[in-house]
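Descriptive structure summary
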Amino acid sequence: MNIWEMLAVFAAGISAGTINTIVGSGTLITFPVLLATGLPPVTATVSNALGLIPGSVSGAIGYREELKGQGRRVLGLAVGALIGGLTGATLLLALPSTAFETIVPILVALALVLVILQPRISKAVQRRREHSGIPARPDGGPLLFVGLMLASVYGGYFTAAQGIIYLSLMGMLLDDTMQRLNAVKNVLAAVVNSIAALFFLFVADFDWTAVVLIAVGSALGGQIGARIGRRLSPTVLRVLIVTVGTAAIVQLLLR
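Throughout, residues of each chain are indexed from 1 in the direction in which the sequence is written. Per-residue local features of the predicted model are confined to residues with pLDDT of at least 70, and side-chain atom pairs are confined, for both listing and counting, to 80 or more; whole-chain, interface and lining totals are unaffected and use all residues. Calculation of side-chain values draws on the structure's entire complement of heavy atoms; hydrogens and water are dropped beforehand.

Quick word on the nonpolar core
Note the threshold: Residues belong to a common nonpolar core when they are buried Ala, Val, Leu, Ile, Met, Phe, Trp, Tyr or Cys residues joined through side-chain atoms within 4.5 Å. In this scheme, a residue with accessible area under 20% of its type's maximum is buried, one over 50% is exposed, and one in between is partly exposed, where area comes from a 1.4 Å probe on protein chains only. In DSSP terms, a helix is any run of H or I states spanning at least four residues, a strand is any run of E spanning at least two, and both are numbered starting from the N terminus.
Leu144, Leu148, Met170, Leu188, Phe200 and Ile241 are the most contacted members of the largest nonpolar core, which totals 55 residues. With 10 residues, helix 10 (residues 178-203) is the single largest residue contributor to this core.

Shown next as structure tokens:
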């Protein structure tokens, strides 16, 4: 890489770390930049996954206040994220690079619909629980566990917009605020990125220059994103999720 390419990758890392912490889809910024520097698609994906770990951890730390009281929930869901992330990383090396290209925009679009309808769905679920007398499960039950595990398979494969899918599933199945769910999303993303990256370290090619630049940039972006994201109202956060998700769909379809 020349100096300008290095600066572009570093800036992309900051942007990705920021947007990943607030919403998700930061990979849609870093991945095209890495490809533009001449890296092959799989090498770019692996380098990106490694580089985004500090950003995910930084974002989770920035949301530590919202994580209070959620330890058991996070631990349970993290198990599913770990299994899914490792499976997705394995599939990245075993399947053609175009394997998920058709289904990914559909998944993201469905997630956006769920985010938009989440307030109505939550109220309907709450009324049903009150009518049946069955209390809400703080961990979301088996449906959420399996849903997040499958989303993590995709996350370990490519990561773009995985945070949006996480938020849509948790918003539908958990009775909690968007900010607290966003905090959980950041932890799960950190788990998926970390397990996938550890796997890649031993079996895949990556570019250390790209990894370091994205790592430093995303760590800074994680703190920026936490400061911004924690101040957003649920409505503004939901609008931002839909806006970013729509942009993600457009970019994925145009690739």
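Re the packing of helix 1 (residues 3-22) against helix 2 (residues 27-36)
Definition in use: Angles shown run from 0 to 180 degrees and are taken between the N-to-C directions of axes, each axis being a line fitted to C-alpha atoms and, for helices, limited to the stretch in contact. Should an angle fall under 35 degrees it is taken as roughly parallel, and over 145 as roughly antiparallel, whereas 65 to 115 is taken as roughly perpendicular and any remaining angle as oblique. Each crossing gets its hand from how the near helix is turned against the far one by less than a right angle, where anticlockwise is left-handed and clockwise is right-handed. By definition, residues are in contact when any of their heavy atoms lie within 4.5 Å. Polar here means any residue other than Ala, Val, Leu, Ile, Met, Phe, Trp, Tyr, Cys and Pro, which are nonpolar, and Asp, Glu, Lys and Arg, which are charged; Gly is therefore polar.
Their axes nearest at 8 Å, the elements helix 1 and helix 2 cross at an angle of 165 degrees. Taken together, helix 1 and helix 2 sit at an angle that is classed as roughly antiparallel. You can see that helix 1 and helix 2 cross each other, and the crossing is left-handed. Here Glu5, Ala8, Val9, Ala12, Gly13, Ser15, Ala16, Ile19 and Asn20 of helix 1 lie close against helix 2, whose contacting residues are Thr27, Ile29, Thr30, Val33, Leu34 and Ala36. For the contact of helix 1 with helix 2, the residue count by class is 9 nonpolar, 5 polar and 1 charged.

Re the pattern of salt bridges
How we decide: Salt bridges, as used here, are contacts in which a Lys or Arg side-chain nitrogen is within 4 Å of a carboxyl oxygen on Asp or Glu.
Summed over all chains, the structure comprises 4 salt bridges. Salt-bridge contacts for glutamate 65 lead to lysine 68; the nearest nitrogen and oxygen are separated by 3.1 Å. The partly exposed category is assigned to glutamate 65, whose relative accessible area is 42%. Residue aspartate 176 pairs with arginine 73 through a salt bridge whose shortest N-O separation is 2.9 Å. One end of the pair, aspartate 176, is in the loop between helix 9 (162-173) and helix 10; the other, arginine 73, is in helix 6 (residues 71-94), and 103 residues separate them in sequence. One continuous salt-bridge network, built from bridges that share partners, spans Arg73, Asp176 and Arg180.

Comments concerning the packing of helix 9 against helix 10
Remark: helix 9 packs on helix 10, axes separated minimally by 10 Å, with the N-to-C direction vectors making an angle of 135 degrees. Judged on the interaxial angle alone, helix 10 and helix 9 are oblique. Here the hand of the crossing between helix 9 and helix 10 comes out right-handed. The segment helix 9 lies against helix 10, with Gln162, Gly163, Tyr166, Leu167, Met170 and Gly171 engaging Leu181, Asn182, Val184, Lys185, Leu188, Ala189, Val192 and Asn193. Broken down by class, the residue content of the contact of helix 9 with helix 10 amounts to 8 nonpolar, 5 polar and 1 charged.

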